[in-house]
Amino acid sequence: MNRPVEQQPYICGWVTSGIICGMPIIGELFSVHLRDNHQVKGDNKTKVRCHWSTCGLVMNKESIVRHVAEMHLQYKFYCDECDAIFTRRHSLNSHVQKKH
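Residues numbered from 1 in each chain as written. Predicted model: local features only at pLDDT ≥ 70, side-chain atom pairs only at ≥ 80, totals over all residues. Heavy atoms only, no water.

Enquirer: Sorry, what's going on with the pattern of salt bridges here?
Expert: Close approach of charged atoms allows side chains with opposite charge to pair. Tallying each qualifying case throughout the model produces four salt bridges. In this structure, Lys45 engages Glu62 in a salt bridge whose closest nitrogen and oxygen atoms are separated by 2.8 Å. Separated by 17 residues along the polypeptide, Lys45 in the loop between α1 (30-38) and β5 (47-49) and Glu62 in helix α2 (residues 61-72) bring together distant segments of the chain. Given a relative accessible area of 54%, Lys45 falls into the exposed group. Look at Glu62 and you get partly exposed, because its relative accessible area is 38%. (Salt bridge = Lys/Arg side-chain N within 4 Å of Asp/Glu carboxyl O. Helix = DSSP H or I, 4+ residues; strand = E, 2+ residues; numbered from the N terminus. Buried < 20%, exposed > 50% of the residue type's maximum accessible area, 1.4 Å probe, protein only.)

Enquirer: It is not clear to me how unusual backbone geometry should be interpreted in this structure. Could you clarify?
Expert: Excluding glycine, residues mostly carry a negative phi; peptide bonds, for their part, are mostly trans. Even without a glycine there, the phi angle at Gln39 is positive, about 55°. Mapped onto the fold, Gln39 is located in the loop between α1 and β5. By relative accessible area, which is 52% here, Gln39 ends up exposed. Not every positive phi belongs to a glycine, and Asp83 is a case in point at roughly 65°. Looking at the element boundaries, Asp83 is found in the loop between β7 (77-78) and β8 (85-86). The class of Asp83 is exposed, set by a relative accessible area of 60%.

Enquirer: I would appreciate a short explanation of α2 in the present structure.
Expert: Given 3.6 residues to a turn, an α-helix orients residues that are three or four positions apart in the same direction. Compared with the 16 Å implied by 1.5 Å per residue over twelve residues, the 16 Å span of α2 between its first and last C-alpha is a close match. Considered for burial, the residues of α2 that qualify are Lys61, Ser63, Ile64, His67, Val68, Ala69 and Glu70. Looking one or two residues past α2, Gln74 carries a phi angle of roughly 55°, positive in sign. (Expected span 1.5 Å × (residues − 1).)

Enquirer: Quick question: what am I supposed to make of the UniProt feature "domain: C2H2-type" (unreviewed entry) in the protein chain here?
Expert: In the numbering adopted here, UniProt assigns the feature "domain: C2H2-type" (unreviewed entry) to residues 77-100. Helix and strand shares over residues 77-100 are 46% and 17% respectively, and the end C-alpha atoms of the span are 16 Å apart. (UniProt positions renumbered as here; feature names shortened; annotations may be inferred.)

Listed below in structure tokens is the structure:
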């Protein structure tokens, strides 16, 4: 059985001083990695720039982990019943409750 997307290893593409991090991180630990290794800190409304290679989008800190997961790690959640694909687990759960 495959591991859930949040428990799979990914390579960090955060750029600091022109160097891509490149560290392998389990998806669900990216928030800790961003805080501890890339100083993504502050309260949830603190403005943070995404330093993933080729990004630069500015958002609230509360959104950065979801942004990285959806846009850069490209999390995909698949419905076992109909093969529909979702970028967020709660969207898949909602789909399953409504359709199946």
